[in-house]
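# Structural characterization, general
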Amino acid sequence: MEIIISSNSSKPIYEQISSQIKAMVMSGKLQPGDPIPSMRALAKIIHVSVITVQKAYEELQREGFIETTVGRGSFISAHHRDVIQEEHQRRMEEHLRLAVEAARMSGTTLEELIRLLEMCYKEDGQ
Amino acid sequence: MIYSLEVSNLSKRYPGATFSLDNVSFAVPQGSIMGFVGENGAGKTTTINCILNTLKPDSGVIKIFGEEMTEARTDIRNHIGVVFDAINFPETLTANRLASVFKDIYHHWDSDLFRQLIDRLKVPADVRIKDLSRGMTMKLATAAAFSHGARLLILDEPTSGLDPVVREEMLDLFLEFVENEEHSILMSSHITSDLEKVADYITFIHNGKIMLTEEKDALLYQYGIARCRSEQFQALDKSEYLAARKRGLQIDVLVPDKQRFSGQHRDITVDNATIDEIMVLLVKGDQ
Amino acid sequence: MRGLVRNNIYSMASNIQLSFIIAAVMALVPIVFREDMLLSMILAVQIFIFVVNTGTSLRVDETSKWSKFELTLPVRRHTIVRAKYVTFVLLILMGILTSLLTLAVCSALGMSIDPVMVTYSYGFGLTLAITSTALMYPVMLKIGTEKNEMIVFFSGFAAVGIMLLLAAILAPFTEGMQIRHPLVGTVSTCTAIVLFIISYFVSVRIHRKKEFR
């Protein structure tokens, strides 16, 4: 598990940690059941304060990405499928809204936008 | 919340001096690292001395691991590791001799751990302390503080005067120490960048008074410094900010909730705060 | 406490070595010159030599802030003081040992040893060493170690003064004031030991109230 911390980013470090772990789960790099370092161990490895990692883990736990059991440590949650779907959905919506806004500003019609979407979908991958 | 260290209403006045500790209160939660910040002469060392009983406070209660710390409680001191801003140890001793001394004094001296730490920090074991550089001496003192079953470390400027490479090594050690959630650290430091990296909480002291105790992440991401013109500043309500200071042509204002403030004052720029700027504002600002 | 005594000895180690060397050199004097008077003086001073350096040690403890760090150890304050006094006793024993060796060597070399002279030497030497230590430590605790050489000097002076005083007091019993009288030697040494014990309790009190920055 690789986590990159940028100290100059305006994004709080705990957010950087949680969003990177989320990204790894969604891309499949981290599978359900995979163990992740304990809060304190991770804090030590990436040189940040414990509370910062704690915040990140709390958020991940709340959103169903990880599970922590006393004595056994933290693992990627087995039943996060719905959560991941939701997260993907949320992202799609976010990006689509940006696209819509750009379309409106440039005077593109809905049909043209849909055609653009079809092109992109068929281009990357399949 | 369990606290490793609780300081309540600590006061001390040196006779004939204007300086005093005035009702100093703060607590270090178990499992955390608390940075203790203040300008020179603010009272950091005096507070630490009172906590460790090398100075007698005029009033106040100090509790360590939930128990009141008195001279007689040698059992508690077995679990407190200390590094002062000094050489700390007799100069003619070597690391090895120091270890043999501590073995007879501390109940839980861990020779193997000490040896490992010395090796890891590259402190020569048979060189007299007076022939070691300051960085080496601090590393030695830190190794000793870690090696006797301490659950609370009290460090007075443990990284000052050290080069960045050594500082990084020390910070790593501190983080390792709190990997055990029963361990805590109180460290006073000028080097706010170190604290910004590893501290969970920051306590600010100025002129013998505690100005603020807060989570470090809150200070860095929630607090903000608003840059105001005079009329904008006049329009603010006192409850909206903690401190303000005129600097050049603007007034810097410390606000505890950057988001909310921005929402209510869209015309005012609010920057992210750094520990340094917060400290300067608290020290120099009117409250 | 054992650890503290060990620490005290370690930190004074080079001073102790130096004292042994000086004492050995001093031992050569009566051996070379075969002078009884000299032997008597040397025996006494050999004991004193070992405690002379304590002032410097205490000074170094203060500048390195070891005396402050000690307070964070799991020991009582009076144990710290007790360890110091135990160390002083050890130092004095080292002095006695050295002088006994010197005595043995001189005797083996065929020098005539006058028992009265020997008793006097030890009486004087012990009184000097024990009294000056008893005076020096509490004074340094109270006013600090900056003027440690002066304090050692004056303590030595005071020790001699006490002996003279006792000699004067005992004059009626010794047919006039006689420093070399065995009675004076014995009484002085006992007085010194009593002062040493009183000094310990005084030091504990001073240390208990002392603040260390």
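The shown structure was predicted, so the numbers you read here are calculated from the model rather than taken from an experiment.

## Describing the overall build of chain A
Within chain A one finds five helices and three strands. Each principal axis of the C-alpha distribution contributes one length, and for chain A these read about 55 × 35 × 25 Å. A total of 126 residues make up chain A; the buried ones form 24% of that total. Partitioning the intrachain contacts of chain A with sequence separation of at least 6 by distance along the chain shows that 53% fall at a separation of at least 24.

## Structural notes on the packing of helix α2 (residues 39-46) of chain A against helix α3 (residues 50-62) of chain A
All names here are of chain A. Where α2 contacts α3, the axes come no closer than 8 Å and their chain directions differ by 125°. Here α2 lies oblique to α3, going by the angle between them. The chirality of how α2 crosses α3 is right-handed. Taking contact as the criterion, the partners of Met39, Arg40, Leu42 and Ala43 in α2 are, on α3, Val50, Val53, Gln54 and Tyr57. Of the residues assigned to the contact of α2 with α3, the class counts are six nonpolar, one polar and one charged.

## Some thoughts on the interface of chain C and chain B
Opposite the 26 residues of chain C that make contact, chain B presents 31 residues. Elements with a contribution of two residues or more to the side of chain C that touches chain B: α1 (2-11), α2 (13-33), α4 (54-63) and α5 (66-69) of chain C. Of all the elements, α1 of chain C adds the most residues to the side of chain C that touches chain B, at seven residues. A class-by-class count of the residues in the side of chain C that touches chain B yields 11 nonpolar, six polar and nine charged.

## So, the packing of α4 of chain C against helix α8 (residues 148-169) of chain C
All names here are of chain C. Axis separation between α4 and α8 bottoms out at 9 Å; the angle between their running directions is 150°. Classified by the interaxial angle, the pair formed by α4 and α8 is roughly antiparallel. Where α4 crosses over α8, the two elements pack in a sense that is right-handed. Where α4 approaches α8, its residues Gly55, Thr56, Leu58 and Arg59 are matched on the opposing element by Asn148, Glu149, Ile151 and Val152. Among the residues forming the contact of α4 with α8, the class breakdown is three nonpolar, three polar and two charged.

## Observations concerning the environment of Gly161 of chain C
You can see Gly161 of chain C is positioned in helix α8. For the pair Gly161 of chain C and Leu128 of chain C, spaced 33 residues apart in the sequence, the C-alpha separation amounts to 9.8 Å.

## Considerations on the sheet that holds strand β2 (residues 66-69) of chain A
Residue and element names in this part refer to chain A. In spatial order, the strands read β1-β3-β2; together these three strands make up an open sheet with antiparallel pairing. One side of each edge strand has no neighbouring strand; the edge strands of this open sheet are β1 (35-36) and β2. Both β2 and strand β3 (residues 73-76) contribute to a ladder of four bridges, which runs antiparallel. Residue pairing across strands places Glu67 opposite Phe75, the latter belonging to β3. Contacting β2 and β3, α3 crosses the sheet at an angle of about 110° to β2.

## Side note on the arrangement of the chains
There are two pairs of chains in contact here; the most contacts are made by chains B and C. Here chain A and chain C are not in contact; the least distance found between their C-alpha atoms is 27 Å.

## Some words on the nonpolar core
Residues Val53 of chain A together with Ile154, Phe174, Ile185, Leu254 and Ile278 of chain B are the most contacted members of the largest nonpolar core, which totals 118 residues. At seven residues, helix α5 (residues 134-146) of chain B tops the list of elements feeding residues into this core. Once residues lying within four places of it in the same chain are set aside, the contact partners of Leu254 of chain B are Tyr223, Ile225, Tyr241, Leu242, Ala243, Ile278, Leu281 and Gly285 of chain B. Counting residues in each nonpolar core, the second largest holds 47 residues, with Ile42, Val51, Ala167 and Val187 of chain C among its members.

## Description of the UniProt feature "transmembrane region" (unreviewed entry) in chain C
All names here are of chain C. The UniProt entry lists residues 12-33, 39-58, 85-113, 119-139, 151-171 and 183-203 under the feature "transmembrane region" (unreviewed entry), expressed in the numbering used here. Counting secondary structure, residues 39-58 comes out at 95% helix and 0% strand; the distance between its end C-alpha atoms is 31 Å. For residues 151-171, helix accounts for 90% and strand for 0%, while the C-alpha atoms at its two ends are 30 Å apart.

## Quick notes on the domain arrangement of chain A
Residues and elements named next belong to chain A. Parsing chain A into structural domains produces domain 1 (13-76) and domain 2 (81-125). Here domain 1 and domain 2 have C-alpha centroids that lie 30 Å from each other. In this complex, domain 1 contributes six residues to the contact, which on the side of domain 2 involves four residues. Grouping the constituent residues of the side of domain 1 that touches domain 2 by class yields three nonpolar, one polar and two charged.

## Here we look at the interface of chain A and chain B
Taken together, the contacts link 14 residues of chain A with 18 residues of chain B. Mapped onto the side of chain A that touches chain B, the elements with two or more residues apiece are α2 and α3 of chain A. Partitioning the side of chain A that touches chain B into residue classes produces seven nonpolar, four polar and three charged.

## A few points about unusual backbone geometry
Residues other than glycine seldom take positive phi values, yet Phe65 of chain B does so here, at roughly 55°. Within the secondary structure layout, Phe65 of chain B lies in the loop between β4 (59-64) and β5 (67-68). At Lys65 of chain C, a residue that is not glycine, the phi angle is positive and equals roughly 65°. On the basis of neighbour counts, which here come to 18 C-beta atoms within 10 Å, the residue Lys65 of chain C falls in the partly exposed class.

## Quick word on helix α3 (residues 36-52) of chain C
The end-to-end C-alpha separation of α3 of chain C is 25 Å, in line with the 24 Å expected for 17 residues at 1.5 Å each. Along α3 of chain C, 13 of the 17 residues are buried, which leaves the element largely enclosed by surrounding structure.

## Focus on the sheet that holds β5 of chain B
Residues and elements named next belong to chain B. The strand order across the open sheet built from four strands is β2-β1-β4-β5, with neighbouring strands paired in antiparallel fashion. Two strands lie at the open edges of the sheet, namely β2 (20-29) and β5, each paired on one side alone. Examined bridge by bridge, strand β1 (residues 3-13) and β2 share seven bridges and lie antiparallel to one another. Bridging across to β2, Leu5 finds its partner in Val28. Running over the sheet, helix α1 (residues 44-51) touches β1, β2 and β4 and is turned about 115° from β1.

Parameters and conventions
- Residues numbered from 1 in each chain as written.
- Chains lettered and ligands numbered in written order.
- Predicted model: local features only at pLDDT ≥ 70, side-chain atom pairs only at ≥ 80, totals over all residues.
- Helix = DSSP H or I, 4+ residues; strand = E, 2+ residues; numbered from the N terminus.
- Buried ≥ 20, exposed ≤ 12 C-beta atoms within 10 Å, placed from the backbone.
- Contact = placed C-beta atoms within 7 Å.
- Axes fitted to C-alpha atoms, helices over the stretch in contact; angles between N-to-C directions.
- Parallel < 35°, antiparallel > 145°, perpendicular 65-115°, else oblique.
- Left-handed = near helix turned anticlockwise from the far one by under 90°.
- Nonpolar A, V, L, I, M, F, W, Y, C, P; charged D, E, K, R; others polar.
- Pairing = 2+ DSSP bridges.
- Core = buried A, V, L, I, M, F, W, Y, C linked by C-beta atoms within 7 Å.
- UniProt positions renumbered as here; feature names shortened; annotations may be inferred.
- Domains from an automatic or database assignment.
- Expected span 1.5 Å × (residues − 1).

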